[in-house]
Amino acid sequence: MTRAPRARVRFNGAQVLGRAREGALRGLLLGAEHLLAESRAEVPIDEGTLERSGATSVDEANLVAGVSYDTPYAARVHEDMSARHSPGRKAKFLEDPAHREAGTVGEIIAAEVRRSLRG
């Protein structure tokens, strides 16, 4: 009678979770930067102040990323559907790309998590 070969597996859950979290944070930042780039292609331009005010942020504690435009008139320009803009520039310059690019942003985050778990 032969014995089945034995294998010993050690799972270091804390290390795996730590690496996955690092990958998620990196993915959130890259995803937010992707969204910012996409929205900058649509943001109305007068002097470029609104476009230059675009920024990304990541809340590491809650694993949340954000894209924002920081001028006193950013929200008004974003919501004013009756305003006329240069070709290719429009209201909803952040909301529309956010909806359109949601899948891509998710793929970016997933790829970074996978990459962090390989190494």
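Residues numbered from 1 in each chain as written. Predicted model: local features only at pLDDT ≥ 70, side-chain atom pairs only at ≥ 80, totals over all residues. Heavy atoms only, no water.

Draft legend 1. A look at the overall build of the protein. A tally of helices and strands in the protein yields 5 helices and 2 strands. Scaling as 2.2 N^0.38, a compact globule of 119 residues should have a C-alpha radius of gyration of about 14 Å, whereas the protein reaches 21 Å, well beyond that. Overall, the protein is about 85 × 25 × 20 Å in size when its C-alpha atoms are taken along their principal axes. With 119 residues in all, the protein has 29% of them scored as buried. (Helix = DSSP H or I, 4+ residues; strand = E, 2+ residues; numbered from the N terminus. Rg over C-alpha atoms; globule rule 2.2 N^0.38 Å. Buried < 20%, exposed > 50% of the residue type's maximum accessible area, 1.4 Å probe, protein only.)

Draft legend 2. Quick look at the pattern of salt bridges. Applying the stated rule across the entire model yields 8 salt bridges. A salt bridge links Lys92 to Glu79; its shortest N-O distance comes to 2.6 Å. Within this pair, whereas Lys92 is found in the loop between α3 (74-79) and α4 (95-100), its partner Glu79 is found in helix α3, the two being separated by 13 residues in sequence. Classification of Lys92 by relative accessible area gives buried; the value is 15%. In this structure, Glu95 and Lys92 form a salt bridge, with 3.2 Å as the shortest nitrogen-oxygen distance. (Salt bridge = Lys/Arg side-chain N within 4 Å of Asp/Glu carboxyl O.)

Draft legend 3. Spatial organisation of the nonpolar core. One finds Ala32, Leu35, Leu36, Val43, Leu50, Val67, Tyr69, Ala74, Val77, Phe93 and Leu94 forming the largest nonpolar core, which totals 11 residues. Elements represented by at least two residues in this core include exactly α1 (13-40), β2 (64-69) and α3. In this structure, Leu35 is in contact with Val67, Leu94, Pro97 and Ala98, ignoring residues within four places of it in sequence. (Core = buried A, V, L, I, M, F, W, Y, C linked by side-chain atoms within 4.5 Å. Contact = heavy atoms within 4.5 Å.)

Draft legend 4. Inspection of the environment of Leu63 at higher detail. Secondary-structure assignment places Leu63 in the loop between β1 (54-59) and β2. Residues Leu63 and Leu28, 35 residues apart in the sequence, show an inter-C-alpha distance of 7.7 Å. Among residues more than four places away in sequence, those in contact with Leu63 are Arg21, Ala24, Leu25 and Leu28.

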